[in-house]
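Breakdown of the fold
As a plain string of letters, each chain reads:
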Amino acid sequence: MQEFLSAIRSDAAGEEIAALPLPDTYRAAYVRRDEIAMFDGLESSDKDPRKSLHVGDIAVPELAPDEAYVAVMASAINFNTVWTSIFEPLPTFGFLDRLGKESSWGARHALDYHVVGSDAAGVVLRTGSAVRNWKPGDKVTVHCNYVDDQSPSAHDDSILADNQRIWGFETNFGGLADLAVVKANQLMPKPRHLTWEEAAANALCNSTSYRMLVSDNGAHMQQGDKVLVWGASGGLGAYAVQYVLNGGGTPVGVVSSPEKVGLLHELGVEAVIDRKASNYRFWKDEHTQDESEWRRLGKEIRGLVGDDVDIVFEHPGRQTMGASVFAAKRGGTIMTCAATSGYMIEYDNRHLWMKLKTIKGSHFANYREAWDANQLVCEGKILPALSAVYSLEDVGDAAYQVHQNLHEGKIGVLCLAPEEGLGIDDPGFRSEVGEDRITLFRRHGA
Ligand code: NAP
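Worth saying up front: this structure is predicted, and the values here are computed from it rather than measured. (Residues numbered from 1 in each chain as written. Predicted model: local features only at pLDDT ≥ 70, side-chain atom pairs only at ≥ 80, totals over all residues. Heavy atoms only, no water.)

Turning next to the domain arrangement of the protein. Under the domain assignment used here, the protein contains domain 1 (2–205 + 366–445) and domain 2 (219–361). Using C-alpha coordinates to define each centre, domain 1 is positioned 29 Å away from domain 2. Contacts between domain 1 and domain 2 engage 22 residues on the former and 19 residues on the latter. Taking both partners together, domain 1 and domain 2 bury about 1,700 Å²; carbon and sulfur atoms supply 63% of that area. Counting the surface domain 1 buries against domain 2, the share from its top three residues, C205, I382 and F441, is 30%. (Domains from an automatic or database assignment. Contact = heavy atoms within 4.5 Å. Buried area = accessible area lost by both parts, 1.4 Å probe.)

Structure below.
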């Protein structure tokens, strides 16, 4: 891969990149099938990604006609890599085995190691015979909606496809590696004003937040809407609050430290709740919620923005869902895409039906939505939330930070890129957008 790296760094032409020989193996981060029981009996928080994520050489798989090899310059940690590395709620090898039964190309994925990672920025090295829109040398970011477009179910809204998968979580050969295998319909142009690691940090969380708030498939956010965003300086939340601000709404961000409050203020979010300082305890014990705590949250929100919220951007799950359903205004929408603190949810249904509220599920984004969200990054209207950068060798430490909620925004991972700061093709536009704005999370995380 070093020859590819040299070619990329010297801005070699696509033909030159296409003529370089592919290696037989490449460096990748993976979990092992024979280790799926290694954390049995431990609490979730004690399951340590540093023990289960390995970095080593694996064989380069064959390329299907609709795929591309991408030299991954940088990737990022997503919570799904945490789930894979702690084998919760299920070991991801079951996903690979199911894909393996689907077709001969799918069979490549059912291996005894799972290369993880659902974000990447890099350069196309080769394309399969059916790929039309991309060629070697193209600088790209990768979104993670992995869809077989021969299924009719994929053609209204591809995230609804019956065999839709998340690349690098439900498929093998993900982005935390020096090379990735992706379908051509996962490729998007790399924002020219960003470094490799800034470009790699966005696609998964940015596209998910876009669908939840901006797309017709989400909450139909309107100008003036007030939106409660849990984890507002985390991966999803950092993009969600930007969409609310861009769309003429008022975000109410919830975070858990004064540093995060300061970060959000700098980003332009005025109404911020520090859930630790306010000491919210929505559950009295494991089985009983405390409605007076929901009311206290509602009061704090009204104190900040003068009204209840139109939309709740929900993902913590069990710990917060009761409060989220309560806090949405009459006719409001609770958009949910996750359940970090537990997926068996409890809320008071009377608050839902009597006040005509809607709970709406959402999952990643279709290609159109991911493309439009990426376009907003390209135009400098959405800023990368990159707060820290690790090397691929230290991917376990990076995942550990996210698992323990020690991070802000996104953690980037350098794969082929030997150092931070490379890959900017349009420094003029970077200055126009503003170095300080682009590096806001990085400066806070440093
Ligand atoms: P993240 O970077 O860890 O951010 C999550 C934030 O949630 C944290 O920063 C934390 O903020 C807050 N939080 C955590 N536990 C909480 C609790 N018990 N109560 C209130 N707030 C809590 O993770 P992420 O990338 O945003 O992902 C969040 C979840 O969404 C994960 O479960 C992930 O798997 C899922 N996800 C789903 C999709 C999808 O397409 N369905 C896409 C992306 C992510 P504070 O401590 O500052 O409050």
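On to the site of the ligand. The immediate surroundings of the ligand are formed by 27 residues, with S256, R275, T340, F364 and H407 found nearest. W83 is positioned such that a nitrogen or oxygen atom in its side chain is 3.1 Å from an oxygen atom of the ligand. One of the side-chain N or O atoms of N405 is found 2.8 Å from an oxygen atom in the ligand. Contact with the protein chains removes 90% of the 910 Å² of surface that the ligand exposes when unbound. (Near = heavy atom within 4 Å. Polar contact = N/O pair within 3.5 Å; in protein donor to acceptor, adjacent residues only side chain to side chain. Areas by Shrake-Rupley, 256 points an atom, 1.4 Å probe, with all protein chains shown as cover.)

The next subject is the pairing of strand 19 (residues 386–391). Bridging between strand 19 and strand 20 (residues 410–414) involves five bridges; their strand directions are parallel. Across the sheet, the residue bridging to Y390 is V413, located in strand 20. In this fold, strand 19 hands off to helix 14 (residues 395–403), which returns the chain to strand 20; that crossover is right-handed. (Pairing = 2+ DSSP bridges. Helix = DSSP H or I, 4+ residues; strand = E, 2+ residues; numbered from the N terminus. Right-handed = clockwise from strand over helix to strand, strands pointing away.)

Most often, soluble globular proteins keep nonpolar side chains buried together rather than apart. The biggest cluster of nonpolar side chains holds 119 residues, and the ones touching the most others in it are Y26, L187, W196 and L213. Apart from residues no more than four positions distant in its own chain, L187 is found in contact with A68, V70, V124, W134, V140, T141, V142, V182, Y367 and W371. (Core = buried A, V, L, I, M, F, W, Y, C linked by side-chain atoms within 4.5 Å. Buried < 20%, exposed > 50% of the residue type's maximum accessible area, 1.4 Å probe, protein only.)

Moving on, we come to unusual backbone geometry. Omega for the peptide link from E88 to P89 comes to -15°, which places this bond in the cis form. Positive phi values are uncommon outside glycine, yet F173 reaches one of about 60°. With relative accessibility at 2%, the residue F173 sits in the buried group. Of note in the backbone geometry, H220 takes a positive phi value of approximately 55° without being a glycine.

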